[in-house]
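# Structural description and commentary
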Amino acid sequence: MLFNYLKTSFRSLRKHRLLTFINLTGLVVGITASMIIAVYVHHILTFDGFHAKADQIYMVYKERVTPNGTQPTYDTWIPLSEQLQMDYPQIAASTRLVPLDGSLVVDNVVFEEDFQFVDPSFFEIFDFPLVHGGTDEPFSDPNSVVLSKEMAVRLFGQENALGERLSIRESMLEFEKDYIVTGILEDYPSNTSVEPSMVFPIGSIPDIDNYADYWDGSFLYTYIVLPENGDRLQMEAAFPGLVEKIWDERTRNNTNLKLLPLAEVYGTMIGEVGNTYLMAYIGLALLIIAVFNFMNLSTAKAIDRAKEIGVRKMLGAFTSSIRVQFLIDTMLVTLIAAVLSAVLVLLLLQLVNELLEMQLSIAQIPKLKLIFGTVGFALLLGALAASYPAFYLSNIGLSQLVKSQKDGQASSKARNVMVVLQFAISTTMIIATLGINRQIGFMVNTSMGFDKERIVLDVSVADFENEEVGEVRVKAFKDYITSTAGVSDITVSRHIPAQWTRSFLFARPQGWEGDPMRMRYTYMDAQFFDAFEIPLLEGDGFLPDNNGHQREVVILNEAALDAFGWKDIQDKVVMIGSNPLRVVGLVKDFNYESLREEVAPTLMMHRTADHPVHRYISFKTPLSSSADILAQLEGQWSSLGAQTTLEYSFLDDQVERLYQDEMRLLSLTKWFTILAVFIAALGLYGLSTFVIERKRREICIRKVMGASLTELWLLITKKFVGMYLVAFLVGSAGAYFFLTQWLENFAFRSDISVGLFAVALMAMLLLIVLSISYKTLHAGRVNPVTYLRDE
C-alpha cells in the first residue's frame, strides 16, 4: 500500500515539474539558511556551556562607585582567591587566571604569543582534559607548561610534544624563564571565553609569594564555583564583610564585589548577544517565508487536483486514503528538502566560517538533537502544508469538487494573507539591512576627531634579547625612521586610537574631598596631538621633548573636564594619590574606541620619544611609496638584531576592525535578505503561474474582445502590487521599530532616513514586476484557440 502511495506521489511530482522545482528550491534555500543560523545562534548562546559546572562557575569582579554611577572592572587582586575560600567555606573551589603576552623562544625562534598563568585548580573547575600527560597533575613540574594540540604542532611540529622545552620573556611582570611541556590538551570547543592554548602554573611567576597580601594592584581574573544549590545574590550580599575587612573606609565606600555568571561572560566582555537574537529572528523569518511559500503553492496545486479527487471519490476511494495521499505527497517533498539542506549546510559551513572569521561546527550540536530536530521539522512542515488539501478538499462533496470554484475562492484569501506576510517580512529585512549598512558606513566614515591616514608600527624593547639592548636599538630604529625620506608627522605613544588604553588609575581634582574616580590614562610624546590633528582647545600643551619628561603635568580630554565638574583648566591641578599634576592642556574629545561608546574621561601624560614605556610609532607616507618605505624599515629592523618581525598596520584598517561585530551582522543580514527576497520571488513566480492558469479562460475571452497585451498584463499585475502596498506598510512599521531599538545601542548614530523605505519600495515593486511579467506576457501572446480547445 505504501509503495502505491509513493508511486502516485512521484508521478504527481513529475507531472507538476515547475511547481515541484519551485517548492524544493524555496524549501532548500530557506531550511539551509535557517540551519546555518541555528548553528551560529547555538554557538553563541551555548558559549562556555560545555563545562560540566558551567552553571556554578562565576567570575568575581569589582564595581567602583563614582559620582557618575557605577563602573564595573573585571581585574582582581592576587590574594582574593585564597581569601574568598578562607572567609566563605560555601565556595566549592576557586582559581586565578593571569592573561599575559610576550616573546616565546623555541630553538632560537621567537614567537609573539598570548598565554595564561593559572592555579592547578583551573583544571578542576574548567573541563579541559589532557590527551597527553598526567591527567591527575597537569603541572607535574614546578616549571611546567600545558599546550593545546594546535599550539604544540605550531611550536614543535608534532602533537605529542611532552618533554620539549621553551622559554618566555614577559614584559609586564618583567621576567624570563624556561619551561618543560608536561601536558597536551584535548581539542576543545571554540565557543569558550577561556582559551588555554598555552597555560603555565601561576606559582612559577618569580616572587609571586611576596605578593600574597598585596591588595593595592589588580591584574588577574578570579573564578569561583558555588554549590549546585548556591545562591549568587546571597553570596554577593555577604561580600561587604570582606571589603570592610581588607580596605580603608574610603575604598570600602566605593567598592562592591560582584559575581558574573560564566554564561554572561560572552555578552559582557566578548560580543553583543542582542545581535545573536536578531540572527535568530532572521532565521525564523526565512523559515516562515519558505513555509508560507510551500503551503501556498501546495494548496494551489491541490486545488488544481480537485477534479482528480472527485474522480477518485466516484471510483470508490475513501476519504482517509485521499488524506494519506496528500500527506505523503507533501512530506516526501519536505524530507527531500531536509536531506538536501543538511548536505548543503555541511558543504557551506566552511565558507560561512571564512566569511564570519569564526569556527562554527555541526559537531557542537548533539547528534540526536540535530537528527530528530531536522526530521521532525520536515514531517511537521509536511503535515502543515498538507492540512488544507488533506482535511478540507477531501471532505467536500462531489459536485463541489468537480466545479472546484468555491474552493479556489475560499483558499485564495488564505493565500493572499500568506503572500502579504511574505512581502512584509522581506520588506522589513531589506529596510533593516539598509539601516544597518547606513549606520556602519556612518561609523566608519564619520570623523573620529583624529587623522586616520597613518601607518602604525608596533615595537618594544621586549623584541630584543634583553631590555638594555632593546632600549638602545629601539631608539636607533626611531632615529632611522625620522631620517627616512617620505616619512612625516612621526609620533610615539603608549597607545593609539583603535588600540587605546585599558590602563586605569584613581584621580581627583585638588581640593576635592570626595572619593577619587577611576580614569583611563596613557603616555605620549610632545608631537602626538599635532601628528594626529587633535585640536588643543585650551592651554599650551606639552613642551618639546628636549625639555624633559614633564612628569608634573597632564592634558585632559573634554570628558575628563566634565567628570571633574570644571568649566576650564586655568590653575587646575589633578591629584594622583598624593602627587599633584598641573593641567597644561585640554584637547577636543576624539573617539579612540568605536562610536558605540561615549568618549571616556582620559588623562594623557608626557614621556619623551625614547622612553621605553612607548609601544607604537606612527607616521604618514605618500600612498604610492608606502610599500617601499615599509620594506626598507623591515630590513632595518631585522639588521638591528630584533628577534621578531616588524609588526605594522594601517590605522584606518584598525578603526574598521572596531566594528567587527557590526560588519559580521551586516554581512549575515545582507546575504539572508537576498535569500529571503529570492524565496519570495520564487513563490511569486509559481503563484502567478497558478493564477494565470486559473484565469486563462478570462484572458482568452478578453483577448478575443480586443484587450491589448498591456491591459492583460495590468489585469494580473495590479493584484500583486496591491497586496505588496499593504505588505509595505506592515513591513515598514516593523523595520522602523527594529532600527529604532537597535540604534539605541550606539552613542553616535545615523538617522532613519525616508530613503531607506523608498529604496525598499522600489526594489520590491521591480521584483514583483519582473517575477510575474514573463508568464503574464507569455499567456497574452498565446493563441486563444490553444487554451479554449482544452475546455
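In this text, all values refer to a predicted model and were calculated from it rather than measured experimentally.

### Looking at the overall build of the chain
Helix and strand content of the chain: 24 helices and 22 strands. In the chain, which comprises 791 residues, the share counted as buried stands at 52%. Of the contacts made within the chain by residues no fewer than 6 positions apart, 80% connect residues no fewer than 24 positions apart. Here the chain displays about 36,900 Å² of accessible surface, and carbon together with sulfur accounts for 55% of that area.

### Here we look at a negative patch on the surface
Side chains of Asp 101, Glu 112, Asp 114 and Glu 647 sit close together on the surface and give a patch of like negative charge. On the secondary structure map, Asp 114 appears in strand 4 (residues 109-118). Residue Asp 114 is classed as exposed on the basis of its relative accessible area of 53%.

### Description of helix 3 (residues 80-87)
By the burial criterion, the buried members of helix 3 are Leu 80, Ser 81, Gln 83 and Leu 84. Along the axis of helix 3, the buried residues cluster in a sector spanning 165°; they form a single face. The exposed set on the far side of helix 3, more than 90 degrees from its buried face, consists of Glu 82 and Met 86.

### Details of the pairing of strand 20 (residues 602-606)
Burial analysis of strand 20 places five of its five residues in the buried class, which makes it a mostly covered element. Residues of strand 20 alternate between two faces, with Thr 602, Met 604 and His 606 on one and Leu 603 and Met 605 on the opposite face, all of them buried. The pairing of strand 17 (residues 553-557) with strand 20 spans two bridges and is antiparallel. The residue bridging Leu 556 from the neighbouring strand is Leu 603, located in strand 20.

### Focus: the side chain of Ser 81
With respect to the secondary-structure elements, Ser 81 resides in helix 3. The exposure class of Ser 81 is buried, given its relative accessible area of 6%.

### Re the pairing of strand 4
Of all 10 residues in strand 4, seven are buried; the element is thus mostly enclosed. Taken together, the 10 bridges between strand 3 (residues 93-106) and strand 4 define a ladder with antiparallel strand orientation. Following the sheet pairing, Leu 104 is matched in strand 4 by Phe 111. With three bridges connecting them, strand 4 and strand 9 (residues 198-201) associate as parallel partners. When the sheet's bridge partners are listed, Val 118 is paired in strand 9 with Pro 201.

### Things to note about the confidence of the model for the chain
Per-residue confidence for the chain averages 80 on the pLDDT scale, and 82% of its residues sit at or above 70. For the chain, per-element mean pLDDT is lowest for helix 13 (residues 398-403), which scores 51, and highest for strand 10 (residues 221-225), which scores 95. Contacts for the low-pLDDT stretch residues 404-408, under 50 throughout, to residues beyond four places or in other chains number 12 contacts.

### As for helix 5 (residues 149-156)
Side chains that are three or four residues apart share a direction in an α-helix, a result of its 3.6 residues per turn. Among all positions in helix 5, only Lys 149, Met 151, Ala 152, Leu 155 and Phe 156 are buried. Seen along its axis, helix 5 keeps its buried residues to an arc of 165°; they face one direction. Positive backbone phi, at 75°, marks Gly 157, one or two positions downstream of helix 5.

### Observations regarding the packing of aromatic side chains
Scanning the entire structure with this criterion turns up 31 aromatic pairs. Relative to Phe 128, the ring of Phe 50 lies with its centre 6.0 Å away and its plane at 70°, an arrangement referred to as edge-to-face. Here Phe 128 lies in the loop between helix 4 (122-125) and strand 5 (130-133) and Phe 50 lies in the loop between helix 2 (17-45) and strand 1 (57-66), a separation of 78 residues in the sequence. Residue class for Phe 128 comes out buried when judged on its relative accessible area of 4%. Geometry around Phe 532 places Arg 454 over its ring, the cationic atom sitting 4.7 Å from the centre. The ring of Trp 566 has Lys 572 lying over it, and the distance from NZ or CZ to the ring centre is 5.8 Å.

### Focus: the pattern of salt bridges
In the structure shown here, the tally under the stated rule is 13 salt bridges. Asp 479 serves as the salt-bridge partner of Lys 475, at 3.3 Å between the closest nitrogen and oxygen. Of this pair, Lys 475 and Asp 479 both sit in helix 15 (residues 467-483), four residues apart, which is roughly one turn of the helix. Exposure remark for Asp 479: the relative accessible area of 43% places this residue in the partly exposed category. In this structure, Asp 568 engages Lys 572 in a salt bridge whose closest nitrogen and oxygen atoms are separated by 3.1 Å.

### A closer look at the nonpolar core
Soluble globular proteins tend to pack their nonpolar side chains together in the buried interior. Among the nonpolar cores identified, the biggest contains 112 residues, and Tyr 40, Met 279, Phe 529, Phe 672 and Phe 720 are the most heavily contacted of them. The element that contributes the greatest number of residues to this core is helix 2, accounting for 14 residues. By size, the runner-up hydrophobic cluster in this structure holds 27 residues, among which are Ile 78, Phe 115, Val 145 and Ala 152.

### Overview of the packing of helix 3 against helix 6 (residues 232-246)
The N-to-C vectors of helix 3 and helix 6 enclose an angle of 120°; their axes lie 11 Å apart at closest approach. Judged on the interaxial angle alone, helix 6 and helix 3 are oblique. In this structure, helix 3 crosses over helix 6, and the sense of that crossing is right-handed. Contacts between helix 3 and helix 6 involve Leu 80, Gln 83, Leu 84 and Asp 87 on the former and, on the latter, Phe 239, Leu 242, Lys 245 and Ile 246. For the contact of helix 3 with helix 6, a count of residues per class yields five nonpolar, one polar and two charged.

### Some remarks on the environment of Ala 760
Topologically, Ala 760 is positioned in helix 23 (residues 754-781). Note on Ala 760: relative accessible area 0%, which makes it buried. Put simply, Ala 760 and Leu 434 are 326 residues apart on the chain and 8.6 Å apart in space, counted from C-alpha to C-alpha. Those residues in contact with Ala 760 that sit more than four places away from it in its chain are Ile 430, Ile 431, Leu 434 and Tyr 724.

### Re a nonpolar patch on the surface
A cluster of nonpolar side chains, Val 339, Val 343, Leu 344, Leu 347, Leu 348 and Leu 351, forms an exposed patch at the surface whose accessible area comes to about 520 Å². Structurally, Leu 348 can be placed in helix 11 (residues 319-356).

### A short note on the side chain of Arg 96
Considering the arrangement of structural elements, one finds Arg 96 in strand 3. Under the relative-accessibility criterion, Arg 96 is labelled buried at 15%. Here the side chain of Arg 96 touches Ile 78 through a polar contact of 3.1 Å, landing on its backbone oxygen. In terms of polar contacts, Arg 96 uses its side chain to reach the side chain of Asp 119, at 2.9 Å. In this structure, Arg 96 is in contact with Ile 78, Ser 81, Phe 117, Val 118, Asp 119, Ile 202, Leu 220, Tyr 221 and Thr 222, ignoring residues within four places of it in sequence.

### Let's talk about unusual backbone geometry
Its identity is not glycine, yet Asp 207 carries a phi of approximately 65°, on the positive side. Mapped onto the secondary structure, Asp 207 falls in the loop between strand 9 and strand 10. The phi angle at Asp 489 is positive, at roughly 50°, despite the residue not being glycine. Among the secondary structure elements, Asp 489 is positioned in strand 13 (residues 488-493).

The rules behind the values
- Residues numbered from 1 in each chain as written.
- Predicted model: local features only at pLDDT ≥ 70, side-chain atom pairs only at ≥ 80, totals over all residues.
- Heavy atoms only, no water.
- Helix = DSSP H or I, 4+ residues; strand = E, 2+ residues; numbered from the N terminus.
- Buried < 20%, exposed > 50% of the residue type's maximum accessible area, 1.4 Å probe, protein only.
- Contact = heavy atoms within 4.5 Å.
- Areas by Shrake-Rupley, 256 points an atom, 1.4 Å probe, with all protein chains shown as cover.
- Patch = residues over 30% accessible without salt bridge, like charges linked within 9 Å, V, L, I, M, F, W, Y side chains within 5 Å.
- Salt bridge = Lys/Arg side-chain N within 4 Å of Asp/Glu carboxyl O.
- Lys, Arg positive; Asp, Glu negative; His and termini not counted.
- Charge placed at Lys NZ, Arg CZ, Asp CG, Glu CD.
- Arc of directions from axis to C-beta.
- Pairing = 2+ DSSP bridges.
- pLDDT = per-residue confidence, 0-100.
- Phe/Tyr/Trp six-rings, centres within 6.5 Å; stacked < 30°, edge-to-face > 60°.
- Lys NZ or Arg CZ within 6 Å of the ring centre and 35° of its normal.
- Core = buried A, V, L, I, M, F, W, Y, C linked by side-chain atoms within 4.5 Å.
- Axes fitted to C-alpha atoms, helices over the stretch in contact; angles between N-to-C directions.
- Parallel < 35°, antiparallel > 145°, perpendicular 65-115°, else oblique.
- Left-handed = near helix turned anticlockwise from the far one by under 90°.
- Nonpolar A, V, L, I, M, F, W, Y, C, P; charged D, E, K, R; others polar.
- Polar contact = N/O pair within 3.5 Å; in protein donor to acceptor, adjacent residues only side chain to side chain.

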